[in-house]
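# Understanding the architecture of this molecule
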Amino acid sequence: MIAFVSILRIQAVLLMTLVVATLCIATPEIARAQENTATLFARLDGLAEGFMLREQVPGAIAAVVSGDTVILRGYGFADVEEGTPVSPEETRFEIGSITKLFTWVATMMLVEEGALDLQEDISQYLPEGMVPGDTPLTLAQVMSHRPGFEESYAIFDQELAGLPRVDALAATAPEQVFPRGEVTSYSNWGVALAGLVVEVVTGQTWEEVIESRILSPLGMDDTTLGEGSLREDQPPLSRSYRVQGGIANPAFRIDIGAFAPAGVIASTGADMTRILQFLMGDGALEGTRLLRAETMAAMRTRLFDDRPDAADMAHGLQSRPLFGITVYGHGGGLNEFLSNLVFIPEIKAGVFISQNGGTGASLPLLAPDLILAELAADAGLAAPAPEAVPDAADRAIEAAGRYLNNRRTFSGWAQFFGALSPLVVTATPDGALMLPTGKLPAPTRFELIGPDLWQNAQGDRIALIRDAAGRIIRLADGTGAHTQERVSGLADPVWLFASFGVAFLLSLTMLVELIWRHGMKGGSRAGELAAGVATAGAAMVWVFVLAGIAAGLSAARLGSEYIFDQPQPTLKAVLGLSDGVAIVAAAVLLSLVLVWRAPGWSLWRRLHQTAFALSLVAFGGLLLRWGLAFGGPI
């Protein structure tokens, strides 16, 4: 009995020793985890405070996932006028194009079930004539934003968006302007078409599929598929704002309706952590499996391999080389909301940030990468040091030039919008490239790290794309979702603005000459007619300038409303006057026959009017080239 008691005492002592030892080991680890969490909180709060102050962001939500740690934060106001604070659990923000990831998860579910094949022509699932172009189109191409479509601004037309999905898609179908699979050209319309494929295959609406097969199983109860479906128990949507002159003005809002698969979702920070955890996991969340592990791995695999060392798309996810590994995610913007979701599956680290307005995009676009950089460093991830390339200076000079985003329209008056924001790439004497990235207000320096591959200090990469003859024809940006086409000659919009400048300058000298001569004296009736035609051409240019100034001021005041709320009176005036300039330019050119025959005209006067006629014709011709003249109805 005494021996038995002694044994019990010994066991108790051993047990207590084990407990104490375990606590001694665990306590530092718990303390370290708490310290890491506190550091993450401080880092996130510091970035948010700095960027929101600098870029006048009214409100934002943020979610950071690092292993089992989840951090949710709300900043600023969901309603500035009412002083309503943002809550990451009780305020919804529109996530824009991050919605596409839900469409692609649903697509991969159907692929896994054998109902869809990413490499098959999708026209077999759709009504005849639904797919633009005359070559087969696959979901692999659509998921990679390589369907070859031009941009379709018509999807933002509220009347068209209110149609049934199949009718709305038919009414807004873009032209195929690139070979299938060859050029990355971001396409909202293409994703909406993929949503229609999901509907046809499942026999349910896209909304029903996303709700029943993704949102509900993942417990995303506060996520909505359009404000028309909002339930009473779901949180309110934050207001969004257009910040101008330091004042937050309520944003102009649109409902993309039928094109919902491309960008209709609104969600909370808490719900977005769940889709973030799912995407960087193995296809399951908290015991609920939506995809097999191999399907989830496939979703993070690229469907094209023509730029493996630069950014590209992977089954609808943006795929970017960073920190010596691949970072996945997607961004989105709608109604002045701007959002971004990024993650590294290997270390279970991800960030979601959304803001409801502001003068810049640093918070959603730059802050997530800065946070991931710290988590990657903690996990021992680091990109290898790039090796110097000896002919960097020559390569930089070759790459320098002007580029236009391939996400643009190629017909009609709206193609002019693409001409307004060319990407200007300049070479430095030491062989670097300078170009804007959208993350920072100033151009960023990119160093050559390999043949046709350039990288900046943040790790963003751009890749140059060549044709069969070895000429640089395209630039792939750091997002993976866009390419920029190199332009030269009359394809460069700089000539439109240059021709306008010359025509405007000569129209002023025509005015001076009119005053100098006290009218349109021409030495004969024919000469006076020629002078009158030229004066009408000069007047048309002046009126065009006034309309252009009015349109510019209106666009600056209204922002996205100017594009989406059509027709705008000032835009109608510019387009109508563009028609007039093209017509008058032809008349002034024809009047040169009279100019060179009119008696009493000096050689200087003949040359002056000839120069004006030629400048006006050049301007009118380029107005036609860019769709401003006779480009069709608004």
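Here we summarise the structure given alongside this text. (Residues numbered from 1 in each chain as written. Predicted model: local features only at pLDDT ≥ 70, side-chain atom pairs only at ≥ 80, totals over all residues. Heavy atoms only, no water.)

Bringing the overall build of the protein chain into the picture now. Looking only at helices and strands, the protein chain features 19 helices and 22 strands. Along the three orthogonal principal directions, the C-alpha set of the protein chain runs to about 140 × 55 × 55 Å. Expressed as a percentage of its 634 residues, the buried residues of the protein chain come to 49%. Long-range pairs, those at least 24 residues apart, make up 66% of the contacts in the protein chain with a sequence separation of at least 6. Split by element, the accessible area of the protein chain, about 27500 Å² in all, is 61% carbon and sulfur. Put simply, the protein chain has 43 plus and 66 minus side-chain charges, and the middle of one group is 8 Å from the middle of the other. (Helix = DSSP H or I, 4+ residues; strand = E, 2+ residues; numbered from the N terminus. Buried < 20%, exposed > 50% of the residue type's maximum accessible area, 1.4 Å probe, protein only. Contact = heavy atoms within 4.5 Å. Areas by Shrake-Rupley, 256 points an atom, 1.4 Å probe, with all protein chains shown as cover. Lys, Arg positive; Asp, Glu negative; His and termini not counted. Charge placed at Lys NZ, Arg CZ, Asp CG, Glu CD.)

Further remarks concern a nonpolar patch on the surface. A cluster of nonpolar side chains, Leu490, Val494 and Trp495, forms an exposed patch at the surface whose accessible area comes to about 300 Å². Structurally, the position occupied by Trp495 is in helix 14 (residues 494-516). For Trp495, a relative accessible area of 46% translates into the label partly exposed. (Patch = residues over 30% accessible without salt bridge, like charges linked within 9 Å, V, L, I, M, F, W, Y side chains within 5 Å. Salt bridge = Lys/Arg side-chain N within 4 Å of Asp/Glu carboxyl O.)

Between side chains of opposite charge, a pair can form as their charged atoms come close. For the coordinates displayed, the defined rule picks out 30 salt bridges. For Glu81, the salt bridge identified is with Arg239, shortest N-O distance 3.5 Å. Residue Glu81 is found in the loop between strand 2 (69-79) and strand 3 (84-85), and its partner Arg239 is found in the loop between helix 7 (206-215) and strand 5 (241-244); the two are separated by 158 residues along the sequence. Classification of Arg239 by relative accessible area gives partly exposed; the value is 35%. Residue Asp452 pairs with Arg395 through a salt bridge whose shortest N-O separation is 3.6 Å. Of the two residues, Asp452 sits in the loop between strand 18 (444-450) and strand 19 (453-456) while Arg395 sits in helix 12 (residues 392-399), which places them 57 residues apart along the sequence. Judged by its relative accessible area of 15%, Asp452 is buried.

Pairing in this open sheet of 8 strands is antiparallel, and the strands run 3-2-1-14-13-12-11-10 from one edge to the other. Where the open sheet ends on each side, the last strands, each with one partner, are strand 3 and strand 10 (312-314). Direction of pairing for strand 11 (residues 317-322) relative to strand 12 (residues 325-334): antiparallel, over a ladder of 5 bridges. Bridge pairing links Ser319 to Tyr328 in strand 12. Lying on the sheet, helix 8 (residues 269-279) is in contact with strand 1 (59-66), strand 2, strand 13 (337-344) and strand 14 (349-355); it crosses strand 13 at an angle near 35°. Each of strand 1, strand 11, strand 12, strand 13 and strand 14 touches helix 11 (residues 367-378); the most contacted strand, strand 14, lies at about 160° to it. (Pairing = 2+ DSSP bridges. Axes fitted to C-alpha atoms, helices over the stretch in contact; angles between N-to-C directions.)

The biggest cluster of nonpolar side chains holds 77 residues, and the ones touching the most others in it are Leu193 and Leu341. Leu404, Phe416, Ala582 and Leu628 belong to the second largest nonpolar core, which has 44 residues in total. (Core = buried A, V, L, I, M, F, W, Y, C linked by side-chain atoms within 4.5 Å.)

Read around the closed barrel, 8 strands run 15-16-17-18-19-20-21-22, paired in antiparallel fashion. Within the sheet, the average angular offset between the axes of one strand and its neighbour, ignoring direction, is 30°. Relative to strand 19, strand 18 runs antiparallel, the two sharing 4 bridges. Bridge assignment links Gly450 to a residue of strand 19, and that residue is Leu453.

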